[in-house]
Each structure stands twice: as C-alpha cells, then as structure tokens.
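# Structural features, examined
Spelled out, the chains give:
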Amino acid sequence: MAYKIGIPTMSLGRPGLHPLDDKLRVAAQHGFEGIELFIDDLTHFAQLRFQNSILKAATHISSVCKSLNLTIICLQPFGFYEGLLDRTQTSSLLTQKLPLWFDLARILNTDLIQIPANFLPADPETGKPRTSGDFNLIVSDLQAIADIGAKQGFRFVYEALCWSTHIDTWEAAWAVVRAVDRPNFGLCLDTFNLAGRIYADPADPSGKTATADADLTKSLQLLRDSARSGELDISKIFYIQLVDGERLSKPLDLTHPFHVAGQPTRMNWSRNARLFPCEEDRGGYLPVLRIAEAFFDIGFTGWVSLELFSRTCADKDPRVPGEHAERGMESWRRVVAALGLGVDVPSPVVSADSKRVTMSVEEVAVQHRL
C-alpha cells in the first residue's frame, strides 16, 4: 500500500464559501487520491443544493467522488463525545447522532469515522466542567461506540488535539486506544497536534515552550522505542496527518486578532495559522519533517492527509480551493524529496491566475469552531 495522499475538504476552503463539489474536483485535478470529508462541508452543501437533505447531499457527493476516483478516507469530526458528565448527552449521541452518521458513511462508501479527543469547554453559565478526565470513563465510552460500530462494519479513529481538555498528546491517545482494545478502534497521528502541545507555544514571544527541543526528542524516541518493542501496534495507526504551523509575529494574547474568548490559545492558533509542510517561506517553523520521519521510520504505511486550517480558507475568492490544492501537493512533493520516500508525486498543475498575495493577519482572523 505504501503511502496514499489525501486532503480534508475543510483545507480547500471554508464550508459555505466554497462549494464542496468544486473542492473535490480541484483535489482530484491536483493528484489527491482521497479526502477527509468534514461534516460541516456536507451540511452546508445540503443547505445550498438539496433543501437541507444531508442524505441526498451525501448521495451526490459519493457519485462525484466515484467519478473522480477519490476515496473518502473518513467522515469527521464526531466531536464532544467521550467522558461527558451529563450522561443523557452520551446516550443521545449514541442513539440519535451516531445512526445518522452510519447512514451517511454507508452512502459515502467509507467505514471510518474520526473522533477528536474531547475539548468541550466549561458550562458558560456555571463555569463547571462538562467533561471528566476519568480514564476509565473515557475508555468505556469509546468501547461502547466501537462495539456499536463493529456490529455494523464501522471503524473509529481517535486523535489527540493539542488543546484537548484531558487527552492532548499522542502518548495519552495511544494509552486510550490500547485500553479500548477493539480491532475497529485506532489512532491518528498528527504532526501539528504533536508539536503544538510539547514544542510550540503561540502565547510566548519565541513561539516555543521552554523545553521544546528536549520534550520533542523524548517524545519521538518513545514513539520509536514503543514501536520497536511492539508496545505500539503500528496496525492501529489508521492514518496520519502532516501539517505545519505559522510562527506569529506577536504572542497570541487577549489583544491578538486570533483571540476568541472561551477558546484555548492553541485552538485559536490552529484555526487561523496552520500551514502545509515545508512552507517556511510562509512562516512555518514546527519540526514537521523530523516528526514525519519518525512516523515513517516506525513502519507506518497508508493514508497521509494534509489537514490545514487557516484564515486563508475564509477568503471568498473562487481561486482559493485550487491554490490550496496546489500548495498541498507541492508540500507533499517536498516532503517526499526531503525524506527520500521514493513515492511518485503527480506533476504540478498551476493555473495562470492562481498566484496571489495571502491575506494578512490583520485583514482576516478566521474563527473556525468544530
């Protein structure tokens, strides 16, 4: 299988601004083999074209993907699920939301649903937490959803976000996946979320934590050692995401245009300032190649996805999807060359009018929320 390259639909333009079927076409045109389908893209497309019928929208998108030879890697994000303190919400997610997602996934010909580690904020009225850090509760919730999915042929992939409330490192996410212990429940490894938690600090003038380099070295060594010893089951890594982050010109504090009250700083940074790998000319500074090299060194093969969120996605210009697809594939080309992966990369597809000046921080501060 080696490596297959994909890109999330959200990374090609903000839902509601750029039509989903257009984004699929430019992804295929630039050589992407698969897409991560964001539910927001599908719901906006249903509103735009199918009178809010998300099932009809899914049927159309499935047909478009088939015609373009695009694989739908997964449907995501099935968020704010595990560890909820209000157990009626847990029940509602399993009995009302999940069946719809199964119906959509069947139509879309994907068996994979992504679950980001919970980052539900505290209750805005009482200030009390709405999620529990109880490891056993988190595991039992994920076992429950995995068992329901297994009966219907579905898999789930769990990802630690660098701003998740309790599970915010790959080590913690793997501990959860290992304890869930279900063949249909696996792990997503992401360069941005790994580095964003232990290496980067967008609130610091340096952009880094005080122990960034030492912590990264330790974490990557643990990754390699765990894989070598068999403690980390490589077959449980269902796919990986490669993405960089922009070094901000000033700390992301309360005065920064990216700041959104009530959201974690790293989330505000992520929603506005991700970059594709090897885009140092745009301000990329995370050790993406070093992390990616570790992912490949431990023996991972399969889907590689370029999950970018950025203020540029909110640009209404219709050229944005093509520009992002072009940048993404060029990024993959550079990764392949830098790491000597020996993978064939499609030739560049460059439109005559595709080169534009990227919007500045001051011009647009996109506030994406899952």
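All values reported here derive from a predicted model rather than from experimental measurement.

What counts as what
Residues numbered from 1 in each chain as written. Predicted model: local features only at pLDDT ≥ 70, side-chain atom pairs only at ≥ 80, totals over all residues. Heavy atoms only, no water. Helix = DSSP H or I, 4+ residues; strand = E, 2+ residues; numbered from the N terminus. Expected span 1.5 Å × (residues − 1). Buried < 20%, exposed > 50% of the residue type's maximum accessible area, 1.4 Å probe, protein only. Arc of directions from axis to C-beta. UniProt positions renumbered as here; feature names shortened; annotations may be inferred. Disulfide = S-S within 2.5 Å. Phe/Tyr/Trp six-rings, centres within 6.5 Å; stacked < 30°, edge-to-face > 60°. Lys NZ or Arg CZ within 6 Å of the ring centre and 35° of its normal. Pairing = 2+ DSSP bridges. Core = buried A, V, L, I, M, F, W, Y, C linked by side-chain atoms within 4.5 Å. Right-handed = clockwise from strand over helix to strand, strands pointing away. Polar contact = N/O pair within 3.5 Å; in protein donor to acceptor, adjacent residues only side chain to side chain. Contact = heavy atoms within 4.5 Å.

## Structural notes on helix H5 (residues 135-151)
Between its terminal C-alpha atoms H5 stretches 25 Å, which fits the 24 Å expected from 17 residues at 1.5 Å a residue. Where H5 is concerned, the buried positions are Ile138, Val139, Asp141, Leu142, Ile145, Ala146 and Gly149. In an axial view of H5, the angular spread of the buried residues amounts to 160°, which keeps them on one side of the axis. Residues of H5 that are exposed and point more than 90 degrees away from the buried face comprise Asn136 and Lys151.

## Brief notes about the UniProt feature "domain: Xylose isomerase-like TIM barrel" (unreviewed entry) in the chain
Mapped onto this numbering, the UniProt entry annotates "domain: Xylose isomerase-like TIM barrel" (unreviewed entry) at residues 24-333. With 45% helix and 13% strand, the stretch residues 24-333 has end C-alpha atoms that lie 20 Å from each other.

## Some words on the state of the cysteines
Here a disulfide denotes a covalent bond joining the sulfur atom of one cysteine to the sulfur atom of another. Applying the stated criterion across every chain, the model contains zero disulfides. For cysteine 65, which is in no disulfide, the shortest distance to another cysteine sulfur is to cysteine 74 and amounts to 12 Å. The thiol of cysteine 188 is not disulfide-bonded; the next cysteine sulfur, from cysteine 74, is found 8.0 Å away.

## Observations concerning the packing of aromatic side chains
Counted according to the given criterion, the structure contains twelve aromatic pairs. Where phenylalanine 78 meets tryptophan 101, the ring centres are 5.2 Å apart and the plane angle is 90°; that geometry is what we call edge-to-face. Of this pair, phenylalanine 78 sits in the loop between strand E3 (71-76) and helix H4 (87-108) while tryptophan 101 sits in helix H4, and the two are 23 residues apart along the sequence. Per residue, the accessibility class of phenylalanine 78 equals that of tryptophan 101, and both read buried. Relative to tryptophan 269, the ring of phenylalanine 192 lies with its centre 4.8 Å away and its plane at 40°, an arrangement referred to as tilted. Linking phenylalanine 192 in helix H7 (residues 191-198) with tryptophan 269 in helix H9 (residues 265-273), this pair joins segments that are 77 residues apart in sequence. Grouping residues by exposure puts phenylalanine 192 and tryptophan 269 together as buried. Taken together, the aromatic side chains of Phe78, Tyr81 and Trp101 make up a single cluster linked through ring pairs. If you follow arginine 155 out to its NZ or CZ, it ends over the ring of phenylalanine 238, 4.8 Å from the centre. Note that arginine 271 overlies the ring of phenylalanine 309, its terminal NZ or CZ placed 4.4 Å from the centroid.

## Describing the environment of threonine 217
The residue threonine 217 is located in helix H8 (residues 212-229) in this model. In this structure, the C-alpha to C-alpha distance between threonine 217 and leucine 42, residues 175 residues apart in sequence, is 39 Å.

## Comments concerning the pairing of strand E1 (residues 3-8)
The side chains of a regular strand alternate, residue by residue, between the two faces of the sheet. Counting buried residues along E1, five of its six residues qualify, which places the element largely inside the surrounding structure. Relative to strand E10 (residues 302-305), E1 is paired through four bridges, and the arrangement is parallel. Opposite tyrosine 3, over in E10, you have glycine 302 as the bridge partner. For E1 and strand E2 (residues 34-38), the ladder comprises three bridges, and the chain directions are parallel. Its bridge partner lying in E2, glycine 6 is registered against glycine 34.

## Quick notes on the nonpolar core
Residues Leu42, Leu142, Tyr158, Leu242, Phe296 and Trp332 are the most contacted members of the largest nonpolar core, which totals 109 residues. The leading source of residues in this core is H4, at eight residues.

## Structural notes on the pairing of strand E5 (residues 155-159)
For E5, a buried count of four out of five residues is recorded, marking the element as mostly surrounded by other parts of the structure. Direction of pairing for strand E4 (residues 112-116) relative to E5: parallel, over a ladder of five bridges. Note that in E5 the partner of proline 116 across the bridge is glutamate 159. After leaving E4, the chain enters H5 and then returns to the sheet as E5, a path that is right-handed. Examined bridge by bridge, E5 and strand E6 (residues 185-190) share three bridges and lie parallel to one another. From the neighbouring strand, phenylalanine 156 faces E6, where its bridge partner is phenylalanine 185. Crossover connection from E5 via helix H6 (residues 170-180) to parallel E6: handedness right-handed.

## Side note on the side chain of threonine 312
Along the chain, the position of threonine 312 falls in the loop between E10 and helix H11 (320-339). Owing to a relative accessible area of 8%, threonine 312 belongs among the buried residues under this scheme. Among the polar contacts made by the side chain of threonine 312, one reaches the side chain of serine 310 at a distance of 2.9 Å.

## A few points about the environment of leucine 308
With respect to the secondary-structure elements, leucine 308 resides in the loop between E10 and H11. Among the residues examined, leucine 308 registers a relative accessible area of 0% and is labelled buried. For leucine 308 and phenylalanine 192, which are 116 residues apart along the polypeptide, the C-alpha to C-alpha distance reads 9.4 Å. The contact partners of leucine 308, leaving out residues within four places of it in the chain, are Met10, Ser11, Val243, Arg274, Leu275, Phe276, Cys313, His324 and Arg327.

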